[in-house]
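Residues per chain, in single letters:
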Amino acid sequence: QVQLVESGGGLVQAGGSLRLSCAASGRTFSTYVMGWFRQAPGKEREFVGAISGSGGTTLYADSVKGRFTISRDNAKNTVYLQMNSLKLEDTAVYYCAADRHRTLVPARARGEYDYWGQGTQVTVSS
C-alpha cells in the first residue's frame, strides 16, 4: 500500500504561481509512474500530467502544456507540480496518483492509477 499526501495548495491571483508537492510512503517510489489530476466543481476528474519513474519522461494535458512542470525527487519520495501563469480555469482540487504497474511510460487514464492522495485545493482569483 502506498500513501500519498499532497500539499502546497492555496489561493493565488491569476498569472501567479504555485508549487504542489506530493509525498509518498514506501520503498518502491522510483518504480512508479506518478500523475497529477484535478477536479473542478461539477466536473469530472481530469488528467493534468504525469512523469515516469526516473523522471525522464513527462506527459501533459494540452490545457497546461507550457505552463505546468512535473518533476520528482526519488531520494525524497516526492513529486512536484510547478504551476505558472495560472488561470481562473485552473481552480480545482488537485490530486496526485501512483501507477504501480508502470515505470517508463506515463498513462493519461485515471483508471490506470492505483493509489490516490486526498487532494489539495487550488483557487485562482481574478
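Summarised in this report is the structure supplied together with it. Keep in mind it's a predicted model, so treat the numbers as computed, not measured.

Conventions adopted
Residues numbered from 1 in each chain as written. Predicted model: local features only at pLDDT ≥ 70, side-chain atom pairs only at ≥ 80, totals over all residues. Heavy atoms only, no water. Helix = DSSP H or I, 4+ residues; strand = E, 2+ residues; numbered from the N terminus. Salt bridge = Lys/Arg side-chain N within 4 Å of Asp/Glu carboxyl O. Buried < 20%, exposed > 50% of the residue type's maximum accessible area, 1.4 Å probe, protein only. Core = buried A, V, L, I, M, F, W, Y, C linked by side-chain atoms within 4.5 Å. Contact = heavy atoms within 4.5 Å.

1. Points about unusual backbone geometry
If a residue is not glycine, its phi is most likely negative; likewise, a peptide bond is most likely trans. Its identity is not glycine, yet Asn77 carries a phi of approximately 50°, on the positive side. Take Asn77: it is sitting in the loop between β7 (68-73) and β8 (78-83). Positive phi outside glycine occurs at Ser85, with the angle close to 50°. Inspection of the secondary structure assignment puts Ser85 in the loop between β8 and β9 (92-99).

2. With respect to the pattern of salt bridges
With the rule as written, the count across this model stands at seven salt bridges. A salt bridge links Lys65 to Asp62; the nearest nitrogen and oxygen atoms lie 3.2 Å apart. Residue classification places Asp62 among the exposed positions, given a relative accessible area of 64%. A cluster of three or more residues bridged by salt bridges with shared partners is formed by Arg38, Glu46, Arg67 and Asp90.

3. Overview of the nonpolar core
For soluble globular proteins, the rule of thumb is that nonpolar side chains tend to be buried together. In this structure, Leu4, Met34, Trp36, Leu81, Met83 and Tyr94 are the most contacted members of the largest nonpolar core, which totals 37 residues. Counting only elements with at least two residues in this core, the list comes to β3 (18-24), β4 (33-39), β5 (46-51), β7, β8, β9 and β11 (120-125). Setting aside anything within four residues of it in sequence, one finds Leu81 in contact with Leu18, Arg19, Leu20, Trp36, Val48, Phe68, Thr69, Ile70 and Tyr94.

In short, the description is geometric, and any link to function would need to be established separately.
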